Amino acid sequence: MITTYVALLRGINVGGHRKVPMADLRALLTGLGHGQVRTYLQSGNAVFTSASGDEKALATELERAIEERFGFTVDCLVRGAAYLRAVADACPFPAATLEGRQLHLLCVSERLDPERFASLDPAAYLPEEFRLGDRALYLYAPDGLGRSKLGDALGRPALFKGVTVTSRNWNTVVRLLELARD
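Residues numbered from 1 in each chain as written. Predicted model: local features only at pLDDT ≥ 70, side-chain atom pairs only at ≥ 80, totals over all residues. Heavy atoms only, no water.

Chemist: Would you mind showing me how to read the pattern of salt bridges here?
Modeler: Pairing is possible between side chains of opposite charge, provided their charged atoms come close. Evaluation of the coordinates by the stated rule reveals nine salt bridges. The partner of Arg79 in a salt bridge is Glu55, with the nearest N and O atoms 3.6 Å apart. One end of the pair, Arg79, is in strand 4 (residues 76–80); the other, Glu55, is in helix 2 (residues 55–70), with 24 residues separating them in the sequence. Among the residues examined, Glu55 registers a relative accessible area of 18% and is labelled buried. (Salt bridge = Lys/Arg side-chain N within 4 Å of Asp/Glu carboxyl O. Helix = DSSP H or I, 4+ residues; strand = E, 2+ residues; numbered from the N terminus. Buried < 20%, exposed > 50% of the residue type's maximum accessible area, 1.4 Å probe, protein only.)

Below is the structure:
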């Protein structure tokens, strides 16, 4: 059975470091035997099809291939398009009425225990809010991520110790879902 997947690469093409051209990423995924490979933006978003049913194995394969090709490690998360659709549909914030810069999805490698965030006082960050989802965290930042105090607090390494996390604004989430449908 062929499944459509979304690959999310963490921390590439930022400030001229860890450069992974999207044409090279497409060629890399195609060379690994995946089909219908498409990329979006320069921040490490790819959609592809595969006969594999193992997201973790696909992510590991992609991480190894990137390291071999480019000489540096990149954390990758691979999620089935159906999973990403379910996560988007479960968004606890009114995504359709918000600007894409106001809503962010942090994808994580495993389910997060709410206790991990016990040190954060939600009232101290209002009107900004976050909610946990299925291997995801939704962040509402009405003034955008660049001005978000909650986003800064969530950026502390201790909060996500031991897990891979990468974020996308809601516009990117929507576009990846559109690409996965094509």
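Chemist: Can you walk me through the sheet that holds strand 4 in this structure?
Modeler: One key point about sheets: their strands pair by backbone hydrogen bonds, in either a parallel or an antiparallel sense. The strand order 2-3-1-4 describes an open sheet built from four strands, whose pairing is antiparallel. Strands at the two margins of the open sheet, each flanked by one partner only, are strand 2 (35–40) and strand 4. Taken over all neighbouring pairs, the strand axes of this sheet differ in orientation by 20° on average, direction set aside. Both strand 1 (residues 3–9) and strand 4 contribute to a ladder of five bridges, which runs antiparallel. Across the sheet, Tyr5 pairs through a bridge with Gly80, a residue of strand 4. Packed on one face of the sheet, helix 2 meets strand 1, strand 3 (45–50) and strand 4 and runs near 145° to strand 4. (Pairing = 2+ DSSP bridges. Axes fitted to C-alpha atoms, helices over the stretch in contact; angles between N-to-C directions. Contact = heavy atoms within 4.5 Å.)

Chemist: Sorry if this is basic, but what is going on with helix 3 (residues 81–89) here?
Modeler: Owing to its 3.6 residues per turn, the α-helix brings residues three or four apart onto one side. Of all the positions in helix 3, only Ala81, Tyr83, Leu84, Val87 and Ala88 are classed as buried. Burial along helix 3 is one-sided: seen end-on, the buried residues are contained in an arc of 155°. Residues Ala82 and Asp89 are exposed on helix 3 and point more than 90 degrees away from its buried face. Along its buried surface, helix 3 packs onto strand 1, strand 4, strand 5 (103–108), strand 7 (136–140) and helix 5 (170–181). (Arc of directions from axis to C-beta.)

Chemist: Help me out: how do you make sense of the packing of helix 3 against helix 5 in this one?
Modeler: Helix-helix packing is described using two parameters, namely the angle between the two axes and the distance between the axes. Relative to each other, helix 3 and helix 5 sit at 140°, their axes nearing to 10 Å. Looking at the two axes, helix 3 sits oblique to helix 5. Handedness of the helix 3/helix 5 crossing: left-handed. On helix 5, the residues that touch Ala81, Leu84, Arg85 and Ala88 of helix 3 are Trp170, Val173, Leu176, Leu177, Ala180 and Arg181. Its residues assigned to classes, the contact of helix 3 with helix 5 shows eight nonpolar, no polar and two charged. (Parallel < 35°, antiparallel > 145°, perpendicular 65-115°, else oblique. Left-handed = near helix turned anticlockwise from the far one by under 90°. Nonpolar A, V, L, I, M, F, W, Y, C, P; charged D, E, K, R; others polar.)

Chemist: Looking at this model, I keep getting lost on the packing of aromatic side chains. Mind explaining?
Modeler: Aromatic ring pairs are described here by two measures, namely the spacing of the ring centres and the angle between the planes. Applying the stated rule across the entire model yields five aromatic pairs. Members of the aromatic cluster, connected to one another through ring pairs, are Phe117, Phe130 and Phe160. One Lys or Arg, Arg79, reaches over the ring of Tyr83 and ends 5.7 Å from the middle of that ring. (Phe/Tyr/Trp six-rings, centres within 6.5 Å; stacked < 30°, edge-to-face > 60°. Lys NZ or Arg CZ within 6 Å of the ring centre and 35° of its normal.)

Chemist: Which parts of the structure should I look at to understand the sheet that holds strand 6 (residues 129–133)?
Modeler: Spatially, four strands are ordered 6-7-5-8 in an open sheet, and the strand pairing comes out antiparallel. At either end of the open sheet lies a strand with only one pairing partner, and these are strand 6 and strand 8 (165–169). The mean angle between the axes of side-by-side strands here comes to 20°, regardless of whether they run parallel or antiparallel. In this structure, strand 5 lies alongside strand 7, joined through five bridges in antiparallel fashion. Looking across to strand 7, one finds that His104 is bridged to Leu139. Across the sheet, helix 5 is in contact with strand 5, strand 7 and strand 8; its angle to strand 8 comes to roughly 90°.

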